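# Commentary on secondary and tertiary structure
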Amino acid sequence: MNKIPRAALFAACLALSAAAPARACELNDTDYASLAQSKSQVTRQNFGKLSEKQKKTLCNTRAFLKKVSSGAKIDCGAIPIWSYRYLTDEEFDRLDKVTTRCIVEELDKKGLAGRGRSS
């Protein structure tokens with residue numbers, strides 16, 4: 001059996017991932033109402049003026065919020081990059097709580113969670 005060189009395998013994986021269609025950002029009226037109250041104050045009208053990086057972070061943030069709000073199980077190893085700028089204070093508290101829980105779980109696994117705490 002012929003072995004495929006790692007560089008070729010990596011290039012093929014990269015090509016496949018680049019060819020995969022990007023998931024559309026699905027913002028609804030509730031998202032825009034929250035965004036209007038957030039630090040970003042993004043509206044339907046100015047969404048198009050955001051950079052691609054900002055759009056990606058905004059979409060990741062809102063999608064992650066929807067997942068948390070739905071009560072779905074959160075995989076701590078797959079939390080997307082999200083930003084407080086695209087959340088109301090109440091929404092931020094929700095995501096911050098989940099993210100903090102995941103960080104503590106990971107620190108516990110490594111035996112580091114109790115370090116620095118006074119008894």
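The structure this text deals with has already been given above.
In this report, the structure presented in the accompanying data block is examined.

### Considerations on the overall build of the protein chain
Of regular secondary structure, the protein chain possesses 4 helices and 0 strands. Its helices and strands in sequence order give the protein chain the pattern α-α-α-α, from N to C terminus. In the protein chain, which comprises 119 residues, the share counted as buried stands at 27%. A sequence separation of at least 24 residues applies to 55% of the contacts in the protein chain between residues at least 6 apart. Per element, the accessible surface of the protein chain, about 9,000 Å² overall, is 56% carbon and sulfur.

### Here we look at the side chain of Ser34
Among the structural elements, Ser34 can be located in helix α2 (residues 29-37). For Ser34, a relative accessible area of 10% corresponds to the buried category. With near-sequence residues (within four places) excluded, Ser34 lies in contact with Arg62, Thr88 and Glu91.

### Concerning the state of the cysteines
Using the criterion set out here, one finds 2 disulfides in the structure. Between the sulfur of Cys25 and that of Cys59 lies a disulfide, 1.8 Å long from S to S. In this structure the cystine formed by Cys25 and Cys59 twists about its S-S bond by roughly -105°; its chirality is therefore left-handed. Within this pair, whereas Cys25 is found in the loop between α1 (6-19) and α2, its partner Cys59 is found in helix α3 (residues 52-70), the two being separated by 34 residues in sequence. Between the sulfur atoms of Cys76 and its disulfide mate Cys102 the distance is 2.1 Å.

Quick notes on the rules
Residues numbered from 1 in each chain as written. Predicted model: local features only at pLDDT ≥ 70, side-chain atom pairs only at ≥ 80, totals over all residues. Heavy atoms only, no water. Helix = DSSP H or I, 4+ residues; strand = E, 2+ residues; numbered from the N terminus. Buried < 20%, exposed > 50% of the residue type's maximum accessible area, 1.4 Å probe, protein only. Contact = heavy atoms within 4.5 Å. Areas by Shrake-Rupley, 256 points an atom, 1.4 Å probe, with all protein chains shown as cover. Disulfide = S-S within 2.5 Å.

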